Each structure stands twice: as C-alpha cells, then as structure tokens.
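Spelled out, the chains give:
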Amino acid sequence: MIAIAVFCGASSGRDPIYLKTAREVGRSIAQRGLGVVYGGGHVGLMGAVADAAMEAGGTVVGVIPGFMEKAEDAHHGVSELVVVRDMHERKMVMHERSQAVIALPGGFGTMDELFELLTWRQLGLHAKPMGLLNVNGFYDGLLEQMRRMEHDGFLHGSTRVITGSEPGVLIDRLLAMRIEV
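Since the structure is predicted, the reported quantities are computational estimates derived from the model, not experimental observations.

1. A closer look at the pairing of strand β3 (residues 60-65)
Regular strands show a simple pattern: their side chains alternate between the two faces of the sheet. Burial analysis of β3 places six of its six residues in the buried class, the great majority of the element. Burial along β3 is two-sided: the residues V60, G62 and I64 and V61, V63 and P65 are all buried. In the sheet, strand β2 (residues 35-38) pairs with β3 via three bridges, with the strands oriented parallel. Looking at β3, one finds that V36 is bridged to V60. Handedness of the β2-helix α2 (residues 44-55)-β3 crossover: right-handed. Bridge analysis of β3 against strand β4 (residues 80-84) gives five bridges, and the strand direction is parallel. Residue pairing for β4: G62 is matched across the bridge by L81.

2. A few points about the nonpolar core
Ranked by size, the top nonpolar core spans 28 residues in total, and within it I4, V6, I29, V36, I102 and L104 carry the most contacts. Every element with two or more residues in this core is listed here: β1 (3-7), α1 (16-31), β2, α2, β5 (100-103) and α6 (167-176). The element that contributes the greatest number of residues to this core is α2, accounting for six residues. What I29 contacts, discounting residues up to four positions off in sequence, is I4, V6, L34, G35, V36 and I171. Listed in part, the 24 residues of the second largest apolar core include V93, L114, M130 and L143.

Definitions and cut-offs
Residues numbered from 1 in each chain as written. Predicted model: local features only at pLDDT ≥ 70, side-chain atom pairs only at ≥ 80, totals over all residues. Heavy atoms only, no water. Buried < 20%, exposed > 50% of the residue type's maximum accessible area, 1.4 Å probe, protein only. Helix = DSSP H or I, 4+ residues; strand = E, 2+ residues; numbered from the N terminus. Pairing = 2+ DSSP bridges. Right-handed = clockwise from strand over helix to strand, strands pointing away. Core = buried A, V, L, I, M, F, W, Y, C linked by side-chain atoms within 4.5 Å. Contact = heavy atoms within 4.5 Å.

Now the structure itself:
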C-alpha cells in the first residue's frame, strides 16, 4: 500500500482552518486508498489527521518516541502504533514506511521533519515527492526563502517541493509524480 507521511503540529493552531484542513487531509488520503504515516499523537493536527483517516476507513500508522507517549497522548486507536527510541528513529521509520510526504502547518518539530527529508532528497538518499500544504498562507515566507536559496545558489539537485492550498489537489499532484513502492 502506498502511504503518505504527514508532518504536522501536535497543536491545533489559533485559526480553526488548520484543524479543518488536517481532517480533510486524513479523509482525502484514506478515500484514495492510501495509508497515513504520522507522528503517533492523539492531539492537535496530528490527532485530527489520524482520526479522519480512520473514520474514512483508512490505514494509519503512528510513530512516536517512548518519551513522548504521554506528552502527545499516543493514539492507541490507529491501525498500528510504533513506539521508537527517539526523534531520529521516528523520522527514519516514517521515511521507511512512506512513499510521499506532506507537511501541514506546525512548529519546530514539523520543520525538523520536513527539512531532514528535504536534505536527504537533495543528497540523493530518496526521490519521494514532497508537498507543502500552504493553508492560510502558512508557508508563504518559507517558500520565498526557498526561492532565495535557489536563486543565490544554495539549493541544488532535487529540491522541488509541490505546493498547494487544497488537500485533495496536493495529494493528486504528489500521486502524479513517480512514486516507488
């Protein structure tokens, strides 16, 4: 089964559009017969993605470090909950269990996950399509910075990130890319 890694916040954010969109992401992935691999929490955008995917009949794999089981309220209602040692192992397992990536709004953890996988792709360690769900203009500043980095010669290789503000459209764009199972 093709699975999409979803990086997103353990918080819901201040604008209700973030939570609404997270639910739409989970539902849209499941309705396409795809699996979700995510951070394993039952709170914030993470919980919304997982719950919506499960409600739509999808397969959801949560990956959570043992020390975060209580802080992020590990989601024991998902298809599979993988408890790992640390954040590094979490990213590796999410990477290994997915064929594409979508980043929703989030904080430092979301950025860490996104940038590590972008770096791995730039270094040729994977060729997964990666997308930014630019809800409410959340990633406008980052996208501008990425254009600047490319213009000034600091990005090279496979640095293209697919962007969109509508979950279904972004998922379809990622699926149109070459996905290796």
